[in-house]
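Structural overview for review
Chain residues, written in single-letter form:
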Protein chains: 2
Amino acid sequence: MALRSNGAVRATTAGAPAFPLDTILIGDCVAQLEKLPAASVDLVFADPPYNLQLRGDLRRPDDSLVDAVDDAWDQFESFQAYDAFTRAWLLAVRRVLKPTGTLWVIGSYHNIFRVGATMQDLSFWILNDIVWRKSNPMPNFRGRRFTNAHETLIWASKSADAKGYTFNYEALKAGNEDLQPRSDWLIPICSGGERLKGDDGRKIHPTQKPEALLARVLLAASKPGDVVLDPFFGSGTTGAVAKRLGRHFVGVERDRDYAAAAQARIDAVVPLGSDMLSPAPAKRDAPRVAFATVVERGLLAPGGRLADARRRYEATVRADGTLALGTVIGSIHRIGAIAQGAESCNGWTFWHTETPVGLAPIDAFREAIRAEA
Amino acid sequence: MALRSNGAVRATTAGAPAFPLDTILIGDCVAQLEKLPAASVDLVFADPPYNLQLRGDLRRPDDSLVDAVDDAWDQFESFQAYDAFTRAWLLAVRRVLKPTGTLWVIGSYHNIFRVGATMQDLSFWILNDIVWRKSNPMPNFRGRRFTNAHETLIWASKSADAKGYTFNYEALKAGNEDLQPRSDWLIPICSGGERLKGDDGRKIHPTQKPEALLARVLLAASKPGDVVLDPFFGSGTTGAVAKRLGRHFVGVERDRDYAAAAQARIDAVVPLGSDMLSPAPAKRDAPRVAFATVVERGLLAPGGRLADARRRYEATVRADGTLALGTVIGSIHRIGAIAQGAESCNGWTFWHTETPVGLAPIDAFREAIRAEA
DNA sequence: AACGCAAGTGAATCCACGG
DNA sequence: CCCGTGGATTCACTTGCGT
């Protein structure tokens, strides 16, 4: 049943099933997990179907068609059907997880609330919810919602009493400029050379996760030599990262094409030396500050007047973070451009506010907000 | 039952309950909401009890006691009890919400998954989940988890088919460096002078939300004059921000002390002028102009030729305001789509007319007609 | 070679009004 | 209520081609 074994099979007590280390098991995850011994896995990373309920197609403003996730494996008849599916795989995971093991699940608002509630119902104990902030999400094309710029991970132990789970706090803190690791992570989506593509140049899997995300999960909550299980293996990101970081993996995948691509990918991975297995320092976020934030924080009051350095133009601050120049309303940049009759303008340096010592550029407020972030 | 009315009571048809505008209703939220007329509220902001399951006291490294949320109102016997509670208030909210209204709920990982799943069960339609990233969260003292640096908001309409909800996309974009607004918001927690404190200097409410958070919610999803309901009014942040931003509020609060503090707080709020609140103009709200009008006014003559910006296609203006592309006749949009082989097309920006200084989009004619109207 | 511009793309529950 | 249609709507990043 295993697609291929990298060799190692963990010795177990007589009669117990052998453990298929570093192997992709082909088939339904519940059925495959039943073949594994109980309490044998240190960490589970699960990326289940999201049950996206898309209606009709979506086009970009340039009329090109968005390649949606419309695969059969993501279709469920109802919430009830999805909940039953969720419950089944969570129970199977629960059995194979060690008492000290933890479970990670990733999802979006389409499914994560149902998954989280079911986890609680099955007495998993949530340790954190983690937000994966995407630095480069797909935009919202119709301007009718907020850009969906994040996904959610839930990190849980088997029960409220489960102690002794792995959390590499010191290493994470050292890798985060000596600041405590937070529940919000900024990581780009998987693209470029990391994205698996077929001979036709098309993506192999519609929802391949970035290796940086899995690396942070494994570095945070597992140790070298640990066994990491991924019941929805897909393109094998979990396996690739586990191998690179000196962890063992077991993957379960229903689709033979996905599994084959994952195996080839993992075969090409070169494990890091044990001396290298420390978390990489995170790139510090470049904070972009919105003018609306300046107003929100009360640094400038709605109704306040702004002027350019030579007091030739004046504009009024509005509650939503736009400016009004006469009857024209727009961003600080747009209004600055219109005032001067210019093509563009940097509103942060163009607009000034009155202070006891004369006009000061509003950029000072931006600096203040950046300093605290 | 109302603690105090600010005066306004909306006149309703005979027999229908009067609407208690800008008032705090004292009592259980389900019972109080039943007294409101159906479909009368534009936006609901709900900050329900989080059902925190704290086990024993939490102490800082210096052994000082963390003032945790352990109030009686936050204790539920079981998930089932919490779910029943959630279902009850969500149903009450559903009844008073207008078909075009939307619901916001805030929570943490302790309760948000249960609330979100129940919302879906009651056929609320999730529009976004929003992450409130705290710039200054309470640190994690034990170093056994990630610092809990965010809370989650769910934004939902009454049903999948509910259209016409308010989303002030253009204003949000203008206030955000001309970039579309994202699902992750960075806002500090409520502290300093904004935090309500009693005579003893202790905080009045354990989970007072920052006004900046409510401001962003109301500016995003409501209009001046809208009715905003908060069924768990607490310290009255929703009411204070609603009053400042020219929205009406209704609050329901069970605790008389909270309600009294909220009322005093709201009384001190000075509303902003309407010129700082008027909705930023959106293109989709601009009056429609028929292309036939352009021809009628003689801005373009029948028989005149139009071309796209790169002069790949050409069409002829007809007297009735249609275009002809060879033998095909249709609207400027339809013909533009056909010319390109596209699914759809905005003819106003696609088609151009010859001028002494080169091609100019026919949208200029539309703007001219709008300007004179 | 370096640079610039065009084209492509990503887990998406993505329109409103009038007849 | 369904259907037709006007017409509004995108950000960060990668790849590839042409200069």
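Computed from a prediction, not measured in an experiment: that's the story for all the values here. (Residues numbered from 1 in each chain as written. Chains lettered and ligands numbered in written order. Predicted model: local features only at pLDDT ≥ 70, side-chain atom pairs only at ≥ 80, totals over all residues. Heavy atoms only, no water.)

Residue and element names in this part refer to chain A. In the region of DNA strand C, 40 residues are neighbours, and Gln53, Arg60, Tyr109, Arg142 and Lys203 sit closest. Sugar plus phosphate, as a fraction of atoms of DNA strand C within 4 Å of the protein: 44%. Contact distances for DNA strand C include 3.1 Å between a base nitrogen and a backbone N or O atom of Tyr50. Contacts to DNA strand C include Leu58, whose backbone N or O atom sits 3.4 Å from a base nitrogen. Each residue belonging to the surface near DNA strand C can be placed in one class, and the counts come to 18 nonpolar, nine polar and 13 charged. (Near = heavy atom within 4 Å. Polar contact = N/O pair within 3.5 Å; in protein donor to acceptor, adjacent residues only side chain to side chain. Nonpolar A, V, L, I, M, F, W, Y, C, P; charged D, E, K, R; others polar.)

Chain B puts 78 residues into the contact, and the matching count from chain A is 81 residues. Counting across the interface, chain B meets chain A through seven salt bridges. In this structure, Asp121 of chain A engages Arg114 of chain B in a salt bridge whose closest nitrogen and oxygen atoms are separated by 2.6 Å. If you look at where chain B meets chain A, you find 45 residue pairs in polar contact (both at pLDDT 80 or more). Considering every element that reaches the side of chain B that touches chain A, the biggest residue donor is strand E5 (residues 125-134) of chain B, with nine residues. (Contact = heavy atoms within 4.5 Å. Salt bridge = Lys/Arg side-chain N within 4 Å of Asp/Glu carboxyl O. Helix = DSSP H or I, 4+ residues; strand = E, 2+ residues; numbered from the N terminus.)

Turning our attention to the packing of helix H2 (residues 79-96) of chain A against helix H3 (residues 112-121) of chain A. Residues and elements named next belong to chain A. One can describe the packing of H2 onto H3 by two numbers: an axis separation of 10 Å at closest approach and a directional angle of 50 degrees. Classified by the angle their axes make, H2 and H3 are oblique. The interaxial crossing formed by H2 with H3 has right-handed handedness. Of the residues in H3, those touching H2 at Phe79, Tyr82, Asp83, Thr86, Arg87 and Leu90 are Arg114, Val115, Thr118 and Met119. (Axes fitted to C-alpha atoms, helices over the stretch in contact; angles between N-to-C directions. Parallel < 35°, antiparallel > 145°, perpendicular 65-115°, else oblique. Left-handed = near helix turned anticlockwise from the far one by under 90°.)

Below, the discussion takes up empty space enclosed by the protein. Scanning the entire structure with this criterion turns up one cavity of 30 Å³ or more. In this model, the largest cavity occupies a volume close to 30 Å³. Looking at the largest cavity, the residues that line it are Ile112, Phe113, Asp129 and Thr152 of chain A together with Ile112, Phe113, Asp129 and Thr152 of chain B. Listing elements by their share of the lining of the largest cavity, those giving two or more residues are H3 of chain A together with helix H3 (112-121) of chain B. For the lining of the largest cavity, a count of residues per class yields four nonpolar, two polar and two charged. (1 Å grid on protein atoms, 1.4 Å probe; cavity = no way out; pocket = protein on both sides within 12 Å on 5 of 7 lines; lining within 4 Å. Points joined across faces, edges and corners; volume = space filled by probe spheres on them.)

As a further point, take helix H5 (residues 211-221) of chain B. Along H5 of chain B, eleven of the eleven residues are buried, which leaves the element largely enclosed by surrounding structure. By the burial criterion, the buried members of H5 of chain B are Glu211, Ala212, Leu213, Leu214, Ala215, Arg216, Val217, Leu218, Leu219, Ala220 and Ala221 of chain B. (Buried < 20%, exposed > 50% of the residue type's maximum accessible area, 1.4 Å probe, protein only.)

Our focus in this paragraph is the protein's contact with DNA strand D. Residues and elements named next belong to chain B. The local shell around DNA strand D holds 28 residues, among which Tyr169, Lys173, His333, Trp348 and Arg366 are the closest. Looking at DNA strand D alone, sugar and phosphate atoms form 61% of those within 4 Å of the protein. Between DNA strand D and Lys173, the relevant distance is 2.4 Å, taken from a phosphate oxygen to a side-chain nitrogen or oxygen of the residue. Gln180 is positioned such that a nitrogen or oxygen atom in its backbone is 2.9 Å from a phosphate oxygen of DNA strand D. At three residues, the largest contribution of residues to the surface near DNA strand D is made by helix H4 (residues 169-174). Here the surface near DNA strand D is composed, by residue class, of nine nonpolar, ten polar and nine charged.

Residue and element names in this part refer to chain A. Mapping Asp22 onto the fold places it in the loop between strand E1 (2-5) and strand E2 (23-26). An unpaired buried charge is present at Asp22: no salt bridge exists, and Lys243, the closest side chain of opposite charge, is 8.7 Å distant. Here His248 takes part through its side chain, which lies 2.8 Å from a polar atom of the side chain of Asp22. (Lys, Arg positive; Asp, Glu negative; His and termini not counted.)

So, on to the nonpolar core. Grouped together as the largest cluster of nonpolar side chains are 66 residues, with contacts concentrated most on Leu103 and Met119 of chain A together with Leu103, Met119 and Leu229 of chain B. With sequence-adjacent residues up to four places away left out, Leu229 of chain B is seen in contact with Leu33, Leu36, Val41, Leu43, Val44, Phe45, Val96, Val250 and Val252 of chain B. Ranked by size, the runner-up nonpolar core spans 43 residues in total, among them Phe146 of chain A together with Ile106, Trp185 and Ala215 of chain B. (Core = buried A, V, L, I, M, F, W, Y, C linked by side-chain atoms within 4.5 Å.)

Tallying each qualifying case throughout the model produces 36 salt bridges over all chains. Across the pair Asp184 of chain A and Arg133 of chain B runs a salt bridge whose closest N-O atoms are separated by 2.6 Å. With Asp184 of chain A in strand E7 (residues 184-187) and Arg133 of chain B in strand E5, this residue pair bridges two chains. Judged by its relative accessible area of 10%, Asp184 of chain A falls in the buried class. Arg133 of chain B sits in the buried class, given a relative accessible area of 11%. A salt bridge links Glu296 of chain A to Arg216 of chain B; its shortest N-O distance comes to 2.6 Å.

Right, let's talk about the confidence of the model for chain A for a bit. All names here are of chain A. Taken as a whole, chain A shows an average pLDDT of 92; of its residues, 92% reach a score of 70 or greater. A low-confidence stretch, residues 4-12 (pLDDT under 50), is modelled with 24 contacts involving residues beyond four sequence positions or located in other chains. Contacts for the low-pLDDT stretch residues 278-284, under 50 throughout, to residues beyond four places or in other chains number nine contacts. (pLDDT = per-residue confidence, 0-100.)

Turning to unusual backbone geometry, a few remarks are in order. Negative phi values dominate among residues other than glycine, just as trans dominates among peptide bonds. Backbone geometry places Asn51 of chain A, a non-glycine residue, at a positive phi of 60 degrees. With respect to the helices, strands and loops of the structure, Asn51 of chain A is situated in the loop between strand E3 (41-46) and H2. The residue Asp22 of chain B is not glycine, and still its phi comes out positive at about 55 degrees. By relative accessible area, which is 12% here, Asp22 of chain B ends up buried.

Looking at the secondary structure, you find Ile187 of chain B in strand E7 (residues 184-187). A relative accessible area of 0% means that Ile187 of chain B is categorised as buried. With 52 residues separating them along the chain, Ile187 of chain B and Ser135 of chain B place their C-alpha atoms 6.0 Å apart. Once residues lying within four places of it in the same chain are set aside, the contact partners of Ile187 of chain B are Glu296 and Arg297 of chain A together with Trp132, Arg133, Lys134, Ser135, Pro210, Ala212, Leu213 and Arg216 of chain B.

Now for the sheet that holds strand E12 (residues 323-325) of chain A. All names here are of chain A. Read from one edge to the other, the open sheet built from six strands follows the order E13-E12-E11-E10-E14-E15, with strand pairing classed as antiparallel. Pairing within the sheet leaves two strands with one partner each, and these edge strands are strand E13 (328-330) and strand E15 (358-361). Taking the axes of each pair of neighbouring strands and ignoring which way they run, one obtains an average angle of 40 degrees across the sheet. Relative to E13, E12 is paired through three bridges, and the arrangement is antiparallel. Bridging from a neighbouring strand, Ala324 pairs with Ile329 of E13. (Pairing = 2+ DSSP bridges.)

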